[in-house]
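# Examining the three-dimensional arrangement
Chain residues, written in single-letter form:
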Amino acid sequence: MGKVYVFDHPLIQHKLTYIRDKNTGTKEFRELIDEVASLMAFEITRDLPLQDVEVETPVGTAKSKLIAGKKLGLVPILRAGLGMVDGILKLIPAAKVGHVGLYRDPETLKPVEYYVKLPSDIEERELIVIDPMLATGGSAVEAIHSVKKRGANNIKLMCLVAAPEGVEEVQKAHPDVDIYLAAMDEKLNYKGYIVPGLGDAGDRLFGTK
Ligand code: PRP
Ligand code: URA
């Protein structure tokens, strides 16, 4: 069963409060999502392997460390996942980026796939699938299924806010995938929205609606 990590870093929690606030406008919402994504990337990369190196400083030789050539890939789920990509790339600029386009049918709440484009070597990469919202879990389950079908075998899921129902669905469908969150909320409402959540992440990010 995949593990669930909730990042309790004060900066993440502080910024999340403003992200949730219904009075936060699109510009600020977008900036905050970007900042929280960077902070979450900082936490999620804690276990990257290091190698020993030597480097010449202006004063002498230092025994130091570099990340040991791990290949990473980011896979935002369109649209809302896009809002987190740049924040993560600020810390991991060499990561390749794939895209999975899904929307949730408003009647059935089931995900409908409309676009997939992934780096050609995904089987060699540790992939982070990204979406701010993990609600029923349908989109994340489908996106992970989609990247696995194309060869991915080392996957993490990074979301901002989750409902318990969504976490359970991902754990059931993909027990090999660990989940990284900024908050685990209470429940879903009858329309499949996370309560209290932050509303419609895509609409708030892109100013649609
Ligand atoms: C939202 C969100 C997730 C999905 C979560 O996307 O960004 O992808 O819903 O819901 P689920 O866990 O119940 O599947 P939406 O379908 O609204 O598309 P959008 O990002 O293009 O607005
Ligand atoms: N998608 C969102 O953007 N928000 C929710 O609360 C649920 C799904």
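Worth saying up front: this structure is predicted, and the values here are computed from it rather than measured.

## Some details on the overall build of the protein chain
Counting secondary structure elements, the protein chain contains 6 helices and 15 strands. Taken against the 2.2 N^0.38 rule, which gives 17 Å for 209 residues, the C-alpha radius of gyration of the protein chain at 18 Å falls within 12% of a compact globule. For the protein chain, the residues scored as buried account for 45% of the 209 residues in total. For the protein chain, the exposed area adds up to about 10900 Å²; of that, 54% sits on carbon and sulfur atoms. Charged side chains in the protein chain number 27 positive and 30 negative. The centres of these two groups are separated by 2 Å.

## Some points on the site of ligand 2
All residues adjacent to ligand 2 are Arg104, Met133, Ala135, Gly192, Tyr193, Ile194, Gly199, Asp200 and Ala201. Between ligand 2 and the protein, one listed contact pairs an oxygen atom with a backbone N or O atom of Ile194 at 2.8 Å. Within the backbone of Gly199, one N or O atom sits 2.8 Å away from a nitrogen atom of ligand 2. The protein chains hide 88% of the 240 Å² of surface that ligand 2 would expose on its own. In this structure the site holding ligand 2 corresponds to the largest pocket. Split by residue class, the shell around ligand 2 holds 5 nonpolar, 2 polar and 2 charged.

## Focus on the UniProt feature "binding site: uracil" (unreviewed entry) in the protein chain
UniProt marks Ile194, Gly199, Asp200 and Ala201 with the feature "binding site: uracil" (unreviewed entry), using the numbering shown here. Of the annotated set, the members that line the largest pocket are Ile194, Gly199, Asp200 and Ala201. Looking at the secondary structure, you find Asp200 in the loop between strand 15 (194-195) and helix 6 (201-206). One polar contact links Asp200 to Tyr193, side chain to side chain, over a distance of 3.1 Å. According to the relative accessible area criterion, Ala201 is buried, its value standing at 6%. With sequence-adjacent residues up to four places away left out, Ala201 is seen in contact with Phe29, Ala80, Pro132 and Met133.

## Considering the layout of surface pockets
Here the largest pocket defines a volume of roughly 710 Å³. Lining the largest pocket we find 29 residues, and of these Tyr103, Arg104, Ser139, Tyr193 and Asp200 sit closest to its centre. Those elements giving two or more residues to the lining of the largest pocket turn out to be strand 4 (72-78), strand 6 (99-104), strand 9 (133-134), helix 4 (138-149) and helix 6. When grouped by side-chain class, the residues that make up the lining of the largest pocket number 15 nonpolar, 7 polar and 7 charged. Here the second largest pocket is characterised by a volume of approximately 220 Å³. Along its surface, the second largest pocket is lined by 13 residues, and Leu48, Ile67, Leu72, Leu91 and Ile92 are the ones closest to its centre.

## Looking at the site of ligand 1
Taken together, 14 residues surround ligand 1, and among them Arg104, Asp131, Thr136, Gly137 and Ser139 come closest. Taking Asp131, its side chain carries an N or O atom lying 2.4 Å from an oxygen atom of ligand 1. At a separation of 2.8 Å, an oxygen atom of ligand 1 approaches a polar backbone atom of Gly137. Here ligand 1 loses 90% of its free accessible area of 500 Å² to cover by the protein chains. When each cavity is represented as a set of grid points, ligand 1 is found to reside in the largest pocket. The set of elements that each furnish at least two residues to the shell around ligand 1 consists of strand 6, strand 9 and helix 4. Of the residues that constitute the shell around ligand 1, the class distribution is 6 nonpolar, 5 polar and 3 charged.

## Brief notes about the nonpolar core
In this structure, Ile19, Met40, Met84, Ile88, Leu160 and Leu198 are the most contacted members of the largest nonpolar core, which totals 37 residues. Filtering out sequence-adjacent residues up to four positions away, Ile88 remains in contact with Ala37, Ser38, Ala41, Leu74, Ile130 and Met158. Counting 24 residues, the second-largest nonpolar core is a separate cluster that includes Leu102, Leu157, Ala162 and Leu181.

Each value, and the rule that gives it
Residues numbered from 1 in each chain as written. Chains lettered and ligands numbered in written order. Predicted model: local features only at pLDDT ≥ 70, side-chain atom pairs only at ≥ 80, totals over all residues. Heavy atoms only, no water. Helix = DSSP H or I, 4+ residues; strand = E, 2+ residues; numbered from the N terminus. Rg over C-alpha atoms; globule rule 2.2 N^0.38 Å. Buried < 20%, exposed > 50% of the residue type's maximum accessible area, 1.4 Å probe, protein only. Areas by Shrake-Rupley, 256 points an atom, 1.4 Å probe, with all protein chains shown as cover. Lys, Arg positive; Asp, Glu negative; His and termini not counted. Charge placed at Lys NZ, Arg CZ, Asp CG, Glu CD. Near = heavy atom within 4 Å. Polar contact = N/O pair within 3.5 Å; in protein donor to acceptor, adjacent residues only side chain to side chain. 1 Å grid on protein atoms, 1.4 Å probe; cavity = no way out; pocket = protein on both sides within 12 Å on 5 of 7 lines; lining within 4 Å. Sits in = over half its atoms within 2 Å of the grid points. Nonpolar A, V, L, I, M, F, W, Y, C, P; charged D, E, K, R; others polar. UniProt positions renumbered as here; feature names shortened; annotations may be inferred. Contact = heavy atoms within 4.5 Å. Points joined across faces, edges and corners; volume = space filled by probe spheres on them. Core = buried A, V, L, I, M, F, W, Y, C linked by side-chain atoms within 4.5 Å.

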